[in-house]
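Commentary on secondary and tertiary structure
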Amino acid sequence: MYNNIKFEKNEGLATVTINRPKAMNALNEDVLNELLIVFHSIAKDDDVKAVIVTGEGKAFVAGADIAQMSKLSALEGRKMMSLGHEVMNYIENIEKPVIAAVNGFALGGGCELSLACDIRIASTKAKFGQPEVGLGIIPGFGGTQRLARLVGKGMAKYLIMTAEIIGADEAYRIGLVEKLVEPEELIDTAVKTARTIMSKAPIAVGTAITAINKGFDLGMAEASAFEIETFTTAFGSDDKSEGMDAFLNKRKAEFKNR
Ligand code: CAA
């Protein structure tokens, strides 16, 4: 069904592996379209409660496909970047936890793909960077925006203007990565993290994602009002009765939709 990605599902946990190792998993239009299709199907699939995104071979994703982009006119380039934004926005806003398990190079569009995920867990072998200015372009899959929001404006400007490729330890130090592990522990750690989140109330987790994403770009007053709305959604769910009853009766909560 897919030519450039692998899709697996195991007890509610989906794994999407970018699978173009000969081109360091570079994102061409075909890969972007397949990512859009797979995430649309994940959104609709009630059996999927969480997602891990990773890369086959020694790269996570080494960026948008430079060979393809080199042949595009400005308008065609704009179309490709719009598709990239559609993919990244969709991944970011899906109300299911998405964890990037960054196994190797996460450069350009690859760093941007990791930024669109909710959480980044990196192997000590991972490398991050936004090398676009060395190619005469700027990040085009949301990097100028999400990187600044995650690590701050100054560090985003530093990384984007110097095009420096940083190691996983530096990425962890600046807050670009939430967890750093040895390469052989990467997938296990991502799975354990996903399973921990999956053991919590699914509606609460989904609304927390939306509250953080939407609230982040609003002023404090509007963001507070938005939190009250999303809180009310969770508060009105059966999971609230179950979670609180379980606490009060000193038992483990059994959430629905899990
Ligand atoms: N696009 C297309 N092909 C790529 C690619 C990319 N982004 N990255 C790597 N490849 C290809 C190489 O051309 C090479 O192909 P051939 O075997 O046919 O020559 C193959 O993958 C293996 O790559 P290398 O031989 O270069 O492997 P390496 O181990 O020596 O280096 C690397 C690895 C440091 C990741 C290096 O490949 C590299 O610098 N890649 C480009 C990184 C980059 O500039 N990314 C940003 C792209 S622009 C972008 O992403 C815009 C945006 O914001 C959306």
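1. A closer look at the overall build of the protein
In terms of helices and strands, the protein carries eleven helices and ten strands. Considering only C-alpha atoms, the protein reaches an extent of 60 × 40 × 35 Å along its principal axes. Going through the 258 residues of the protein one by one, you find that 47% of them count as buried. Taking the contacts inside the protein whose residues are at least 6 apart along the sequence as the reference set, 67% of them involve residues at least 24 apart. For the protein, the exposed surface amounts to about 13,300 Å²; the carbon and sulfur share of it is 57%. For the protein, the distance from the average site of its 30 positive side-chain charges to the average site of its 34 negative ones is 1 Å.

2. Examining a nonpolar patch on the surface
Where nonpolar side chains cluster on the molecular surface, the patch consists of I66, L135 and I137 and spans about 260 Å² of accessible area. For I66, the position within the fold is in helix α2 (residues 66-69). The class for I66 is partly exposed, based on a relative accessible area of 46%.

3. Digging into the pairing of strand β2 (residues 13-18)
Each regular strand displays side chains that alternate between the two surfaces of the sheet. Of all six residues in β2, six are buried, a share of seventy percent or more. Every second residue of β2 is oriented toward a common face, with L13, T15 and T17 on one face and A14, V16 and I18 on the other, all of them buried. One ladder, built from six bridges, connects strand β1 (residues 5-10) with β2; its direction is antiparallel. Looking across to β2, one finds that I5 is bridged to I18. Counted along the chain from β1 to the antiparallel partner β2, the turn is two residues long, and its residue E11 has a positive phi close to 45°. Relative to strand β3 (residues 50-55), β2 is paired through six bridges, and the arrangement is parallel. What sits directly across from L13, in β3, is A50. Running through helix α1 (residues 29-44), the crossover from β2 to the neighbouring parallel element β3 is right-handed.

4. Here we look at the layout of surface pockets
For the largest pocket, the calculated volume is near 710 Å³. If you trace the largest pocket, you find 26 residues lining it, with E92, L115, C117, I212 and N213 closest to the centre. Listed by contribution, the elements that provide at least two residues to the lining of the largest pocket are α3 (74-93), α4 (109-116), β7 (119-123), α5 (143-151) and α9 (202-216). Top element by residues in the lining of the largest pocket is α9. It accounts for seven residues. In the lining of the largest pocket, the residues fall into twelve nonpolar, six polar and eight charged. When residues of the lining of the largest pocket are assigned to domains, at least three fall in each of domain 1 (5-198) and domain 2 (202-248).

5. Observations concerning the side chain of T210
By secondary structure assignment, the location of T210 is in helix α9. For T210, a relative accessible area of 13% translates into the label buried. Polar side-chain contacts of T210 include one of 2.3 Å to the side chain of E95. Ignoring any residue separated from it by four or fewer positions in sequence, one finds T210 in contact with E95, G215 and F226.

Calculation notes
Residues numbered from 1 in each chain as written. Predicted model: local features only at pLDDT ≥ 70, side-chain atom pairs only at ≥ 80, totals over all residues. Heavy atoms only, no water. Helix = DSSP H or I, 4+ residues; strand = E, 2+ residues; numbered from the N terminus. Buried < 20%, exposed > 50% of the residue type's maximum accessible area, 1.4 Å probe, protein only. Contact = heavy atoms within 4.5 Å. Areas by Shrake-Rupley, 256 points an atom, 1.4 Å probe, with all protein chains shown as cover. Lys, Arg positive; Asp, Glu negative; His and termini not counted. Charge placed at Lys NZ, Arg CZ, Asp CG, Glu CD. Patch = residues over 30% accessible without salt bridge, like charges linked within 9 Å, V, L, I, M, F, W, Y side chains within 5 Å. Salt bridge = Lys/Arg side-chain N within 4 Å of Asp/Glu carboxyl O. Pairing = 2+ DSSP bridges. Right-handed = clockwise from strand over helix to strand, strands pointing away. 1 Å grid on protein atoms, 1.4 Å probe; cavity = no way out; pocket = protein on both sides within 12 Å on 5 of 7 lines; lining within 4 Å. Points joined across faces, edges and corners; volume = space filled by probe spheres on them. Nonpolar A, V, L, I, M, F, W, Y, C, P; charged D, E, K, R; others polar. Domains from an automatic or database assignment. Polar contact = N/O pair within 3.5 Å; in protein donor to acceptor, adjacent residues only side chain to side chain.

Don't take any of this as a statement about function, it's just geometry.
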